[in-house]
Each structure stands twice: as C-alpha cells, then as structure tokens.
Amino acid sequence: MLPDPETPICSAKGCRAAAVWVLAWNNPKLHTPERRKTWLSCEEHREHLSQFLGVRGFLKDVVRFEEWEAPEGA
C-alpha cells in the first residue's frame, strides 16, 4: 500500500514506504558545522542508511520522524 501523497517517504532508492525516522547528517567538507541535511527512513532501511552515513563520518543524529525539529536556519 502506498502512503498518502502528503506522507513523507523513505529516502532509500526505490523505497516508497512511509518515513519513520529522520537521519540528520553533515558533510564537513561541504557544510558548516551546524548545518544539518536530512534523509528520511522507514524501519527497514534505517540501519542501512545510518551505516552508509556513519562510515563516512557524516551521521549526526537519528530521531523518530514525529519528534524531529529542524534546527534554525536549516
């Protein structure tokens, strides 16, 4: 079943599941230290996307979607 068009979806390639997690990340070569980019994730892809960002040293935080508050100026 596809999510409602207003429902944020997982950022994993080809996935159309509803997002449950926000993965906040930052590439220090491109972004200021306080900048947070975000990927959204379903339950199934959270670990994979977290590992992808984590091994590069980009992952800053993983928060449940309903608890996410974007930082000022993000």
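Here the structure is a predicted model, which is why all the values come from computation and not from measurement.

Participant: Explain the nonpolar core here, please?
Facilitator: Inside soluble globular proteins, nonpolar side chains tend to come together where they are buried. Membership of the largest hydrophobic core is limited to 11 residues, which are Cys-10, Ala-12, Cys-15, Val-20, Trp-21, Leu-23, Trp-25, Cys-42, Leu-49, Leu-53 and Phe-58. Secondary-structure elements contributing two or more residues to this core are strand E1 (21-25) and helix H1 (46-55). At three residues, the largest contribution of residues to this core is made by E1. Other than its neighbours up to four places away in sequence, Cys-42 contacts Cys-10, Cys-15, Ala-17, Ala-18, Ala-19, Val-20 and Trp-21.

Participant: Is there a simple way to explain the packing of aromatic side chains in this structure?
Facilitator: The geometry of an aromatic ring pair comes down to the distance between the two centres and the angle between the two planes. Summed over the entire model, instances satisfying the criterion amount to three aromatic pairs. Ring-pair connections join several aromatic residues into one group, and the members of that group are Trp-25, Trp-39, Phe-52 and Phe-58. Above the ring of Trp-21, the side-chain terminus of Arg-46 is found at 4.3 Å from the ring centroid. The lysine or arginine in question, Arg-56, covers the ring of Phe-52, its NZ or CZ lying 3.6 Å from the ring centre.

What counts and how
- Residues numbered from 1 in each chain as written.
- Predicted model: local features only at pLDDT ≥ 70, side-chain atom pairs only at ≥ 80, totals over all residues.
- Heavy atoms only, no water.
- Core = buried A, V, L, I, M, F, W, Y, C linked by side-chain atoms within 4.5 Å.
- Buried < 20%, exposed > 50% of the residue type's maximum accessible area, 1.4 Å probe, protein only.
- Helix = DSSP H or I, 4+ residues; strand = E, 2+ residues; numbered from the N terminus.
- Contact = heavy atoms within 4.5 Å.
- Phe/Tyr/Trp six-rings, centres within 6.5 Å; stacked < 30°, edge-to-face > 60°.
- Lys NZ or Arg CZ within 6 Å of the ring centre and 35° of its normal.

Interpretation in functional terms is not warranted from these geometric data alone.
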